[in-house]
Amino acid sequence: MTFVCSNIGVNAENHLTFAGQDTLRLAEEYGTPLYLMDEDRIRHNCRLYLDAFRNTFREGSLPHYAAKAAAFKTVCRVVAEEGMGIDVCSPGEIATAVAAGVDMSRVMFPSNGKSDGDIRYAMDKGIGAFVIDNVEELLAIEAEAEKRGVTQNALLRLTPGIDPHTYAAVDTGKVDSKFGVAIETGQAEDFIRLALKQKHIRLLGYHCHVGSQVFGEDVFERAAAVMLDYIAEMEKKTGYLAEVLDLGGGYGVPYVAEDPSIDIPAKIASVGKVVKERCAALGIREPKVMMEPGRSIVADAGMTLYRVLAVKRITGYKSYVTIDGGMTDDPRYALYGSRYTVLAAGKMGERADFRTTLAGRCCESGDLIQENILLPDSVCRGDVIAVCTTGAYNYSMASNYNRFGRPPVVMLRGGKSYVAVRRETAEDLLRLDV
Ligand SMILES: *Cc1c(COP(=O)(O)O)cnc(C)c1O
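Since the structure is predicted, the reported quantities are computational estimates derived from the model, not experimental observations.

What counts and how
Along each chain, numbering runs from 1 in the same order as the chain's sequence is written. Residues qualify for local features only when their pLDDT is at least 70, as the model is predicted, and side-chain atom pairs are given and counted only at 80 or more; totals for whole chains, interfaces and linings, by contrast, use all residues. Hydrogens and water molecules were not included; the side-chain quantities draw on all heavy atoms of the structure. Nearness here has a simple test: a residue counts as near a molecule or strand if at least one of its heavy atoms is within 4 Å of that partner. Identification of polar contacts relies on pairs of N or O atoms within 3.5 Å, with a donor-acceptor requirement for protein atoms, meaning one able to donate a hydrogen and the other able to accept it, and with residues adjacent in sequence counted only if both atoms are side-chain atoms. Working definition of accessibility: Shrake-Rupley area with a 1.4 Å probe, residue cover restricted to the visible protein chains. In this description a helix means any DSSP run of H or I spanning at least four residues, a strand means any run of E spanning at least two, and both kinds are numbered starting from the N terminus. Think of it in three bands: residues with accessible area under 20% of the maximum for their type are buried, residues over 50% are exposed, and the middle band is partly exposed, with areas taken using a 1.4 Å probe on protein chains only. The span you would expect from a helix comes to 1.5 Å times its residue count less one. What counts as a domain boundary in this text is fixed by an automatic or database domain assignment. Residue contacts are defined here by distance: any two heavy atoms, one from each residue, within 4.5 Å place the two residues in contact. Once two parts are put together, the accessible area they lose, assessed with a 1.4 Å probe and summed over both, is termed the buried area. Salt bridges, as used here, are contacts in which a Lys or Arg side-chain nitrogen is within 4 Å of a carboxyl oxygen on Asp or Glu. Note that Gly is not counted as nonpolar here; it falls among the polar residues with everything else outside the nonpolar set of Ala, Val, Leu, Ile, Met, Phe, Trp, Tyr, Cys and Pro and the charged set of Asp, Glu, Lys and Arg. Directions drawn from the helix axis to the C-beta atoms are what define this arc.

(A) Quick look at the site of the ligand. Taken together, 13 residues lie near the ligand, and K68, S212, E292, R295 and Y393 sit nearest. In this structure, E292 approaches the ligand through a side-chain N or O atom, which is 2.6 Å from a nitrogen atom. In this structure, an oxygen atom belonging to the ligand sits 2.7 Å away from a main-chain N or O atom of R295. Calculation on the ligand without its partners gives an accessible area of 390 Å², and the protein chains cover 92% of this total.

Okay, structure coming up:
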């Protein structure tokens, strides 16, 4: 059998394995619902980017892990150990990176809304650079830096006007996006001129991020070309040559067998070729290139295990397999209609021909994990169900709706397992109630 990712397999007892470990045993040991994270896979994915960057871009170029995909101390520590920078987008993510012992000079802070408190906190913690989204934020950071008598490194987030043709909620590079300042309307030029006038901001360059779960042939190549043309144009108009070009994150990962998969080193080499050729044609020095992968670092390192609570066959209609989790630990289907591969972990030797819907246990009809899946007909209460490729935007988007506690995160490394985030208890949930 081949699966959506090479860290998934089946053992001699017909049990599903993840990172070589028996998932039934893990469900038994740690309970369900349970997030598993394959640490070796995270490290492998980081190395794909790091090696490709070393082979491709100018010195000082660096991929940053977008922590929002999965933000807890262990994952920040692991990616930093591998040598990645980190992108954070809230004080909580900053605190997580600090607690993980990450070198804050390698941490950047993009987001489209930063309060004065966020700005102060980030500067207190020695943030490497802000990615400034708008004029108000630019002026607020300048004011804070002036008060402190420091010069703050920053990038400006621009929108290159590229439509990556993904789901609308994750398209971010189009002119009318809520993120960044548009090149097309001329507002980006005003933004840059204003930034260059600030005495306490050192402008490192420009940032863009066109979308997420991107499979388009040449989306990043086109983004790079648009941005490089703009770097050259701005140098002519203002005399300022950007030193850094951040192309954001967004490479897609396969969730189901039909999905394409992206060859990261080949893609980065192809972007590198565009950068080299375009810079030569424009007569500008190659910028240091940054990228901010989130999903492609952690998605296939994740798997979620649940236990079946009920199988409801509605005579003449459809059926539901209800599990002991739901949109509280994985809201992606409810939010975006995301696809997943779903497997009966203890019944891998049985034919899966029972067409059904995997339903969560929240008080919400939209609380589904996946529709139109195939499970063995014998599926019943107590069976372990695995949802594959849940490493990105699951734990980090989890909620306490219905006051369900969030599942623990268990890391798998070299045949061993350890808890990285413990299970949330009723006591944890009541801690803030006065
Ligand atoms: C979400 C986001 C990323 C990461 O996107 P992935 O699709 O997870 O790779 C990177 N940069 C910015 C600015 C983002 O908003």
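(B) A look at unusual backbone geometry. Of note, the bond from T32 into P33 is cis; its omega dihedral lies within 30 degrees of zero at -10°. Assignment of secondary structure puts P33 in the loop between α1 (23-30) and β4 (34-38). Unusually for a residue other than glycine, N372 sits at a positive phi of about 60°. Locating N372 in the fold gives a position in strand β18 (residues 368-376). Take N372: its relative accessible area is 56%, and that puts it in the exposed class. Positive phi, close to 60°, is recorded for Y393, a residue that is not glycine. Its place among the elements puts Y393 in the loop between β19 (384-388) and β20 (409-413).

(C) Layout of helix α2 (residues 39-56). Its 18 residues place the ends of α2 26 Å apart at the C-alpha level, agreeing with the 26 Å of an ideal helix rising 1.5 Å per residue. Within α2, burial applies to E39, R41, I42, R43, N45, C46, Y49, L50, A52, F53 and T56. If you check the start of α2, you find a side-chain oxygen 3.1 Å away from the backbone N of D40, and it comes from D38.

(D) The domain arrangement of the protein chain, seen in detail. Under the domain assignment, the protein chain is made up of domain 1 (8-38 + 299-430) and domain 2 (110-293). Centre-to-centre separation of domain 1 and domain 2, based on C-alpha positions: 36 Å. Taken together, the contact pairs 8 residues of domain 1 with 9 residues of domain 2. At the boundary of domain 1 with domain 2, total buried surface from both sides reaches about 770 Å², with 56% on carbon and sulfur atoms. Among the residues of domain 1 in contact with domain 2, Y336, R339 and T389 are the three that bury the most area, contributing 57% of the side total. Between domain 1 and domain 2 we count 1 salt bridge in total. Where R339 meets E258, a salt bridge forms, and the shortest distance between an N and an O atom there is 3.5 Å. Applying the counting criterion to the domain 1 and domain 2 interface returns 1 residue pair in polar contact (both at pLDDT 80 or more). In the side of domain 1 that touches domain 2, the residues fall into 4 nonpolar, 2 polar and 2 charged.

(E) View of the environment of F3. Here F3 lies in the segment before β1 (8-10). Remark: the alpha-carbon pair of F3 and A257, spanning 254 residues in sequence, is separated by 7.2 Å. F3 has contacts with I8, G9, V10, L16, L343 and M348, leaving out every residue within four places of it along the chain.

(F) Focus on helix α9 (residues 264-282). In a regular helix each residue adds 1.5 Å, so 19 residues correspond to 27 Å; α9 covers 27 Å between its end C-alpha atoms and thus fits that length. Taken as a whole, α9 has its buried residues at I264, K267, I268, V271, G272, V275 and C279. For α9, the buried positions fall inside an angular range of 140° around the axis, keeping them on one side. Seen from the open side of α9, the exposed residues pointing more than 90 degrees away from its buried face are K273, A280 and A281. Those residues of α9 hidden inside the fold are in contact with α2, α8 (219-238), β13 (288-291) and α10 (295-298). G283 sits one or two residues past α9 and shows a positive phi near 70°.

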